[in-house]
Amino acid sequence: MGILETIDALSLSDEDKARMRREYAEEVDPLKTERDNLKQTDRRERVKVEIANLADAGLKEAPAALAFLRRLYLSPDAEEPGVVLFADHELGLSGDEATGARNREEMSTKAAFEHFFSLLPKDSDGKLKVALSDQGDITDDHGQPAKGDNDPDEESAKHRSSLGRAIGREITRPSHDKRYGGRQSSGGGE
């Protein structure tokens, strides 16, 4: 039984019990606040070291990612269980998609990120073999054709042809001039 339960069990008036609770809180709160501040300072230092290690491992070129991880790691509930990872068989994973997990696993968000980073390939110096800055170069065009050289009517015809093959019938569409009779809007609403 804690002190607050003991105060509640005393045969005193409600005002006296409230006064005793207040006095207890005034004595304990400064100690609790000091302990919380020390824990937070210690946590900040640990996170600072962890972020520096990730930067040295190859994430230096991704300052936004490091800032996000710092925010995540410093969040009060970052180390509380936040995700339940199902076993591979529960998710229907096999072969290259499977991780080898046979049971459900509960882990914090921070632990999930740490585990993810531990799985990335590293060289002998502990640096990431994956250069994140190169990933953008590889996929910058996202498969899109170069802009400026394309004829809009030709692109439209290609699109109609592709869509027609997909739905099994030809799609015809008159040209812009035929649809709108070659008229142009005055733009002024006159």
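Our subject is the structure that appears above.
The present account deals with the structure reproduced in this document.

### So, the side chain of Asp88
Looking at the element boundaries, Asp88 is found in helix 4 (residues 88-91). Among buried charged residues, Asp88 stands out as having no salt bridge; its nearest opposite-charge side chain is Arg102, 8.2 Å away. Setting aside residues up to four positions removed in sequence, Asp88 forms contacts with Leu93, Ala98, Thr99, Gly100 and Ala101.

### What to know about the packing of aromatic side chains
Counted under the stated rule, the structure contains two aromatic pairs. Ring centres of Phe116 and Phe117 lie 5.6 Å apart, and the angle between their planes is 70°; on these two criteria the pair is classed as edge-to-face. By relative accessible area, Phe116 is classed as partly exposed at 48%. For Phe117, a relative accessible area of 13% puts it in the buried group. In this arrangement the basic side chain of Lys110 is found over the ring face of Tyr73, its NZ or CZ atom lying 5.3 Å from the centre.

### Regarding the nonpolar core
One recurring pattern in soluble globular proteins is that nonpolar side chains are buried together. With eleven residues, the main nonpolar core is built from Val47, Ile51, Leu54, Ala55, Leu59, Leu66, Leu69, Leu72, Tyr73, Phe117 and Leu128. Elements represented by at least two residues in this core include exactly helix 2 (14-59) and helix 3 (63-74). Counting residues per element, this core draws most heavily on helix 2, which supplies five residues.

### Let's talk about the pattern of salt bridges
All chains considered together, the criterion is met by eight salt bridges. One salt bridge in this structure joins Arg46 and Asp42, with 3.5 Å as the shortest N-O distance. Of this pair, Arg46 and Asp42 both sit in helix 2, four residues apart, which is roughly one turn of the helix. Given the relative accessible area of 37%, Arg46 is considered partly exposed. By relative accessible area, which is 44% here, Asp42 ends up partly exposed. Between Glu114 and Lys110 there is a salt bridge, with the nearest N and O atoms lying 3.6 Å from each other. With a gap of four residues between them, Glu114 and Lys110 both fall in helix 5 (residues 109-119), about one helical turn apart. What makes Lys110 buried here is its relative accessible area of 6%. Among the charged side chains, a network of salt bridges with common partners joins Asp16, Arg19 and Glu23.

Procedures and definitions
Residues numbered from 1 in each chain as written. Predicted model: local features only at pLDDT ≥ 70, side-chain atom pairs only at ≥ 80, totals over all residues. Heavy atoms only, no water. Helix = DSSP H or I, 4+ residues; strand = E, 2+ residues; numbered from the N terminus. Buried < 20%, exposed > 50% of the residue type's maximum accessible area, 1.4 Å probe, protein only. Lys, Arg positive; Asp, Glu negative; His and termini not counted. Salt bridge = Lys/Arg side-chain N within 4 Å of Asp/Glu carboxyl O. Contact = heavy atoms within 4.5 Å. Phe/Tyr/Trp six-rings, centres within 6.5 Å; stacked < 30°, edge-to-face > 60°. Lys NZ or Arg CZ within 6 Å of the ring centre and 35° of its normal. Core = buried A, V, L, I, M, F, W, Y, C linked by side-chain atoms within 4.5 Å.

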